[in-house]
Every structure is written in C-alpha cells, then in structure tokens.
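Spelled out from the first residue to the last, the chains are:
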Amino acid sequence: MNFKDRIIRATGKKTPFRMIVADMTATMNEIGKQHNAKGFALKLLAENTIASLFLSSGLKYAGTVTFTTSFAGEITKITSDSTPMGLVRAMIPQDELMTVGANEPAIVPQNISVIKLNERGKRVHESIIEAPSISMGQNLATYLLQSEQVRSAVGIEAQFNKEDPSKLDYAAGFYIEAFPDLEEKDINLLEVIVQNLPKFHELLKPEGFDLDELLDQLRGPYDLDIVRELDPKAYCPCSKERTLATLASLKTEDLKDLRKDGKDLEVTCDFCRKKYTITMQDLDDLIKERK
C-alpha cells in the first residue's frame, strides 16, 4: 500500500461532480522545518496550504493560486501559494512563529483573500471574503459559494505529533465539487456520505495516512474516473536575481540608504527562508542603472 504524499483527482463516470483527495504530510513537514513551525502554527500552515492546493487544481492554465487567511491575534496571516501541478510554498511571519512557538495562539479569523495568476504572472482574479471559521475547509467552501457560486464539500485537517510538535502525524483533505447539472438527489447522497466519513485520525496507519481508504469512503456507490495523480512538492521560485529585481523597484534614495553602512545585506525569503547576500556592488549597479 502506498502512503507517500499524493494528490488524486477524479470525476464521476456517470455523475457530474469532481473529487480530490490529498495527503500532504511529508511536504508540509518539510515546509514546517524550513520555518521552524511547531504545534498549532504548523497545523494551520498545513491546512491553509491544502486549501490553496484544492483551488489551484481547478485552474485551466499553468498559473498560481495564493490563499491567505488573516487573523486578529498572535498570528496575523498565513499565505500559501500552489500550482495545478502540486507545487506549494507557505509562510507565517517569522517573528510571529517564534513568539507563538509550540503553544496554541490566541487568534480570531478575519478574512480570506484569493489571488489567481496566469502563466505569465498576470493577476486574473482577486476576491476577499469574511472568514467564517478557523476551519480551512469551511472557509474554502464559503469562499467557493460566495465568490465563484460553486457548491462544494471540503474537509481539511492536520494533526501535529503530541510528543514532537515540530512534526505532523498527517495533513490531508478532500474536496467535492458539484457541477451545475448535478441532481439534488445526488447532492443529498453525497452530503450523507461526507457526514458519515470516518474521522481523519482513524485513517492514520503505522505506515502513514491511508488516502486510498479516504477515496473509497468518499466514492460511495459512484464509479469514478481517476483523472490524474500527482506527487506534491515544496517549491519556491525565489533567487538572487528575483531579489535584485524587487530591490530595483525601490527609489534611488532608498537604495542609497541601504548602502550607507557599507556592509553587505542579507535578505531572507519569507517562504523558503533561503538567504541571499546582496553586496555593495550589487546596490551600486542598481543605482547606476538609474543614470
């Protein structure tokens, strides 16, 4: 039996709906390690990323979905980027992660922001709704209904290890989207299936999360066509060149301020925590380009 991270996309053979299940445990443990995220913060990071992943699966182009949940409290936001090919990255402001540690933060959900970029990086969609819950599954379903008029059922859950809160036992989820011509009797049956699903922790085996069992439980009496199976991957497109391009957008006066100390700058990517050294020569070159 295969317990590696997977994303499985399927459609009903004779019934108009689509279904996605995902196990992101190892991927999110890798991202959590990059950030030194622990406990409840690591759980939130994983659940927000799975929500982004489900949204990006519906893109008809090689673009990116940015899913941001904003809070009032000790954590102010979680941002996750994902692509239709299962590439993901995520972040919580580092100072907030360090303050919270492995403790459960005091937070109140504020809003959900969704930005979709096409393959050229052009913004093609942006929407903000009020976040009804701390549950990412409920937040995603609400966003889909309010902003895209899509009826869905979403379950997303991550559980951190009680003995080692820097690791997740599992990070998994399911997504069912009703196509416009899905009959009411089928919608009602799918609702019953979702309500009677086993708890996610019951699908955790010694080898890992049993994604095949989740899919079998969700399919109920319906035959499925497996459209695609993907291996998710933590990926960040940052580079020194991109960092310099960002600095190039600053005003000349701001660039000159950065070089006043005469010391090289160390810039850290918010998403993958990779560090880049920006030398005084790099800054001089940027300034010279303005002349």
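Refer to the structure presented above.
Residues numbered from 1 in each chain as written. Predicted model: local features only at pLDDT ≥ 70, side-chain atom pairs only at ≥ 80, totals over all residues. Heavy atoms only, no water.

Looking at unusual backbone geometry
Item 1. Here Q149, not a glycine, exhibits a phi torsion of approximately 55°, which is positive.
Item 2. Relative to the helices and strands, Q149 is located in the loop between α4 (136-148) and β8 (151-160).
Item 3. With a phi angle near 65°, R273 is a residue other than glycine that sits in the positive phi range.
Item 4. Tracing the backbone shows R273 in the loop between β14 (265-268) and β15 (275-278).
Item 5. With a relative accessible area of 22%, R273 lands in the partly exposed category. (Helix = DSSP H or I, 4+ residues; strand = E, 2+ residues; numbered from the N terminus. Buried < 20%, exposed > 50% of the residue type's maximum accessible area, 1.4 Å probe, protein only.)

Here's the deal with the packing of helix α7 (residues 240-247) against helix α9 (residues 280-288)
Item 1. Their axes nearest at 11 Å, the elements α7 and α9 cross at an angle of 50°. In terms of their interaxial angle, α7 and α9 are classed as oblique. The crossing of α7 and α9 is right-handed. The segment α7 lies against α9, with K240, L244 and L247 engaging D282, L283 and L286.
Item 2. A per-class count over the contact of α7 with α9 returns four nonpolar, no polar and two charged. (Axes fitted to C-alpha atoms, helices over the stretch in contact; angles between N-to-C directions. Parallel < 35°, antiparallel > 145°, perpendicular 65-115°, else oblique. Left-handed = near helix turned anticlockwise from the far one by under 90°. Contact = heavy atoms within 4.5 Å. Nonpolar A, V, L, I, M, F, W, Y, C, P; charged D, E, K, R; others polar.)

Some words on the pairing of strand β3 (residues 64-73)
Item 1. Counting buried positions over the ten residues of β3 gives seven, a clear majority of the element.
Item 2. Note: β3 against strand β6 (residues 107-117), ten bridges, orientation antiparallel. In the strand pairing of β6, G73 is matched with I107.
Item 3. As paired strands, β3 and strand β4 (residues 77-82) are joined by six bridges and run antiparallel to one another. The partner of F67 across the bridge, within β4, is S80.
Item 4. Taking the residues between adjacent antiparallel strands as the criterion, β3 and β4 are bridged by three residues. (Pairing = 2+ DSSP bridges.)

Quick notes on the packing of helix α2 (residues 39-56) against α4
Item 1. Taken N-terminus to C-terminus, the directions of α2 and α4 make an angle of 30°; their axes are 9 Å apart at the nearest point. Between α2 and α4, the interaxial angle falls into the category roughly parallel. With respect to the hand of their crossing, α2 and α4 are arranged in right-handed fashion. Together, L44, E47, N48, A51, F54 and L55 of α2 and M136, L140, Y143, L144 and E148 of α4 make up the contact between the two elements.

Some points on the side chain of S127
Item 1. Relative to the helices and strands, S127 resides in strand β7 (residues 123-130).
Item 2. Since its relative accessible area comes to 11%, S127 is described here as buried.
Item 3. Reaching out from S127, the side chain makes a polar contact with the side chain of S147 at a distance of 2.7 Å. (Polar contact = N/O pair within 3.5 Å; in protein donor to acceptor, adjacent residues only side chain to side chain.)

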